[in-house]
Amino acid sequence: YAATMHTDNSVVFGDSGNPNGVALTWKRSSQDYYDTLIDDAHVYTYGVTLTKLFSDGKGEFKNVEFIMQNATDGYYVKAELNQDEGVYYVVDHVTSKDDATLFFFFSNADKTEGTVIVKGLEDDNYVATEVRTDDGYTLLRDSIKIDISRTETTSLCDVYADDALGLIQND
């Protein structure tokens, strides 16, 4: 089973999570009654904002690119850019560095800093490596380590908070 999460403004990023409920009803051909299973899970997704500065304040941010790799599992992040928002949304995990997204920075109005926003990451450890920079500048010597960790909580998902569909049966 595979699923794709289509991100829009209704997705909650961070520790609140996104409820994902299902009500599955089925009937065996040899029986006269239906069985129902109701379940609920929370899906957590996170985002990061990276900021780039040039020491002399004169570089072109659009010429700087980096890739992002999951440090735990070794996969590279593949994302699609939403031009209207200026945000990258993760769409896949790829094993080849050649298939990874080359993220580039957007400069602010006065061109003193560049930012890139990546949303749709899971809580884990990542490494951002600069692979291209503006002419006359050198690549970052070290990769940037990014640690995303979920806040531990004792609250549980509301599996049976209500019976809105009228499906909970006691048989």
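Residues numbered from 1 in each chain as written. Predicted model: local features only at pLDDT ≥ 70, side-chain atom pairs only at ≥ 80, totals over all residues. Heavy atoms only, no water.

Engineer: If you had to explain a negative patch on the surface to someone new, which residues and values would you point to?
Structural biologist: A contiguous patch of negative charge, built from Asp 73, Glu 122, Asp 123 and Glu 152, is present on the exposed surface. By the secondary structure assignment, Glu 122 is in the loop between β9 (114-121) and β10 (125-132). Using a relative accessible area of 31% as the deciding quantity, one classes Glu 122 as partly exposed. (Patch = residues over 30% accessible without salt bridge, like charges linked within 9 Å, V, L, I, M, F, W, Y side chains within 5 Å. Areas by Shrake-Rupley, 256 points an atom, 1.4 Å probe, with all protein chains shown as cover. Salt bridge = Lys/Arg side-chain N within 4 Å of Asp/Glu carboxyl O. Lys, Arg positive; Asp, Glu negative; His and termini not counted. Charge placed at Lys NZ, Arg CZ, Asp CG, Glu CD. Helix = DSSP H or I, 4+ residues; strand = E, 2+ residues; numbered from the N terminus. Buried < 20%, exposed > 50% of the residue type's maximum accessible area, 1.4 Å probe, protein only.)

Engineer: I'd like a rundown of the packing of aromatic side chains, residues and numbers included.
Structural biologist: Considering all chains together, one arrives at seven aromatic pairs under this definition. Residues Phe 66 and Phe 103 carry aromatic rings whose centres are separated by 5.1 Å and whose planes lie at 20° to one another, so their mutual orientation is stacked. Taken as a pair, Phe 66 in strand β4 (residues 65-70) and Phe 103 in strand β7 (residues 103-104) lie far apart in primary sequence, 37 residues in all. When its relative accessible area of 3% is taken as the criterion, Phe 66 is described as buried. Ring centres of Tyr 88 and Phe 103 lie 4.8 Å apart, and the angle between their planes is 75°; on these two criteria the pair is classed as edge-to-face. On the criterion of sequence distance, the pair formed by Tyr 88 in strand β6 (residues 87-94) and Phe 103 in strand β7 is long-range, its members being 15 residues apart. Of the residues examined, Phe 103 reaches a relative accessible area of 0% and is grouped as buried. A cation sits over an aromatic face here: Lys 52 above Phe 54, 5.4 Å from the ring centre. (Phe/Tyr/Trp six-rings, centres within 6.5 Å; stacked < 30°, edge-to-face > 60°. Lys NZ or Arg CZ within 6 Å of the ring centre and 35° of its normal.)

Engineer: So what's going on with the pairing of β9? Residues and values would help.
Structural biologist: Strand direction decides the pairing type here: strand β3 (residues 46-52) and β9, joined by seven bridges, are antiparallel. The residue of β9 that forms the bridge with Leu 50 is Val 116. For β6 and β9, the ladder comprises three bridges, and the chain directions are parallel. Counted as the bridge partner of Tyr 88 is Val 118 from β9. Of the pairings in the sheet, the one linking strand β8 (residues 106-107) to β9 comprises two bridges and is antiparallel in character. Bridging from a neighbouring strand, Phe 106 pairs with Thr 115 of β9. (Pairing = 2+ DSSP bridges.)

Engineer: Explain the nonpolar core to me, using residue names and the numbers behind them.
Structural biologist: Judged by nonpolar contacts, the single largest core of 22 residues is most densely connected at Met 68, Phe 103, Val 118 and Leu 121. For this core, the elements supplying multiple residues, two or more each, are β3, β4, β5 (76-82), β6, β9 and β10. Look past the residues within four positions of Phe 103 in its chain and what remains in contact with it is Val 64, Glu 65, Phe 66, Ile 67, Met 68, Val 77, Ala 79, Tyr 88, Val 116 and Val 118. (Core = buried A, V, L, I, M, F, W, Y, C linked by side-chain atoms within 4.5 Å. Contact = heavy atoms within 4.5 Å.)

Engineer: Pulling in residues and values, what's your account of the side chain of Lys 52?
Structural biologist: Secondary-structure assignment places Lys 52 in strand β3. Side chain to side chain, Lys 52 and Glu 130 meet in a polar contact 2.8 Å long. Filtering out sequence-adjacent residues up to four positions away, Lys 52 remains in contact with Phe 61, Val 64, Phe 105, Glu 113, Gly 114, Glu 130 and Leu 140. (Polar contact = N/O pair within 3.5 Å; in protein donor to acceptor, adjacent residues only side chain to side chain.)

Engineer: Lay out a nonpolar patch on the surface in plain terms, naming residues and giving numbers.
Structural biologist: A cluster of nonpolar side chains, namely Val 22, Leu 24, Trp 26 and Leu 37, defines an oily patch on the protein surface of about 350 Å² accessible area. Among the elements that make up the nonpolar patch, the one with the highest residue count is strand β1 (residues 18-27) (three residues). Among the structural elements, Trp 26 can be located in strand β1. Residue class for Trp 26 comes out partly exposed when judged on its relative accessible area of 32%.

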